[in-house]
Amino acid sequence: MALAWFDAGEAKKFGVSLAQFFLERIPKASQKGDKEFAKKVDYILEKMVVQIVQFKAQHTLNTYKKAQLGNVFKWALLDAGISADYADEMTTWLMQKIG
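Since this is a predicted model, take the numbers as computed values, not measurements.

Draft legend 1. Examining the overall build of the chain more closely. On a plain count of helices and strands, the chain comes out with 4 helices and 0 strands. Counting from the amino terminus, the chain carries its helices and strands in the arrangement α-α-α-α. Put simply, the chain has 99 residues, and 34% of those count as buried. For the chain, long-range pairs separated by at least 24 residues make up 72% of all intrachain contacts whose partners lie at least 6 apart in sequence. In the form shown here, the chain has an accessible surface area of approximately 6,400 Å², with 55% of it arising from carbon and sulfur atoms.

Written out as structure tokens, the structure is:
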């Protein structure tokens, strides 16, 4: 039973899928800073919140699992070419929503 505390497989899968969802829908980086970019990102984040709420309702997330989820999310963004600052910002946002 104690080993289940360290089983972060589902949390990692969710972190990767959330990053993919974000990356598939995010506008081009050249648009960053304009109003349309902000509207699109807000819409994407609203959709991500729905997914986060559903995941949290179905899974118990301890500190370790939350950390693993955030880590894979951030690295998926970085690996996709998102700037480190923006990946940090998005990961912080995610961690706040995860709670």
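There's more to say after this.
Draft legend 2. Representation of the packing of aromatic side chains in the model. Counted by the stated rule, this structure contains 2 aromatic pairs. Ring geometry for Phe14 against Phe55: centres 4.2 Å apart, planes inclined by 5 degrees, an arrangement best described as stacked. Taken together, the residues span a long stretch of sequence, with Phe14 in helix α1 (residues 9–25) and Phe55 in helix α2 (residues 35–58) at a distance of 41 residues.

Draft legend 3. Spatial organisation of the environment of Trp93. For Trp93, the position within the fold is in helix α4 (residues 84–98). Accessibility expressed as a relative area gives 15% for Trp93, which makes it buried. Not counting chain neighbours up to four residues away, the residues in contact with Trp93 comprise Leu45, Met48, Val49 and Ile52.

Draft legend 4. Up close: α4. The end-to-end C-alpha distance of α4 is 21 Å, a good match for the 21 Å that 15 residues give at a rise of 1.5 Å each. Buried within α4 we find Tyr86, Ala87, Met90, Thr91, Trp93, Leu94 and Ile98. Along the axis of α4, the buried residues cluster in a sector spanning 155 degrees; they form a single face. Exposed side of α4, more than 90 degrees from the buried face: Asp85 and Gln96 are the residues found there. Looking one or two places after α4, you find Gly99, whose phi comes out positive at around 85 degrees.

Draft legend 5. The pattern of salt bridges, seen in detail. Counted under the stated rule, the structure contains 3 salt bridges. Two residues, Lys13 and Glu10, come together in a salt bridge whose shortest N-O distance is 3.7 Å. Highlighted residues: Lys13 and Glu10, both in helix α1, separated by 3 residues, approximately one helical turn. Taking relative accessible area as the criterion, Lys13 reaches 55% and is therefore assigned exposed. In this structure Glu10 comes out as partly exposed when scored by relative accessible area, which is 44%.

Draft legend 6. A look at the packing of helix α3 (residues 63–79) against α4. At a minimum axis separation of 9 Å, α3 and α4 run at an interaxial angle of 150 degrees. What the angle tells us is that α3 and α4 run roughly antiparallel. At the point where α3 passes α4, the crossing takes the right-handed sense. Here Lys66, Ala67, Leu69, Gly70, Phe73, Lys74, Leu77 and Leu78 of α3 come into contact with α4, specifically with Ala84, Ala87, Asp88, Met90, Thr91, Leu94, Met95 and Ile98. Here the residues of the contact of α3 with α4 sort into 11 nonpolar, 2 polar and 3 charged.

Here is what the cut-offs are and how they apply
Residues numbered from 1 in each chain as written. Predicted model: local features only at pLDDT ≥ 70, side-chain atom pairs only at ≥ 80, totals over all residues. Heavy atoms only, no water. Helix = DSSP H or I, 4+ residues; strand = E, 2+ residues; numbered from the N terminus. Buried < 20%, exposed > 50% of the residue type's maximum accessible area, 1.4 Å probe, protein only. Contact = heavy atoms within 4.5 Å. Areas by Shrake-Rupley, 256 points an atom, 1.4 Å probe, with all protein chains shown as cover. Phe/Tyr/Trp six-rings, centres within 6.5 Å; stacked < 30°, edge-to-face > 60°. Expected span 1.5 Å × (residues − 1). Arc of directions from axis to C-beta. Salt bridge = Lys/Arg side-chain N within 4 Å of Asp/Glu carboxyl O. Axes fitted to C-alpha atoms, helices over the stretch in contact; angles between N-to-C directions. Parallel < 35°, antiparallel > 145°, perpendicular 65-115°, else oblique. Left-handed = near helix turned anticlockwise from the far one by under 90°. Nonpolar A, V, L, I, M, F, W, Y, C, P; charged D, E, K, R; others polar.

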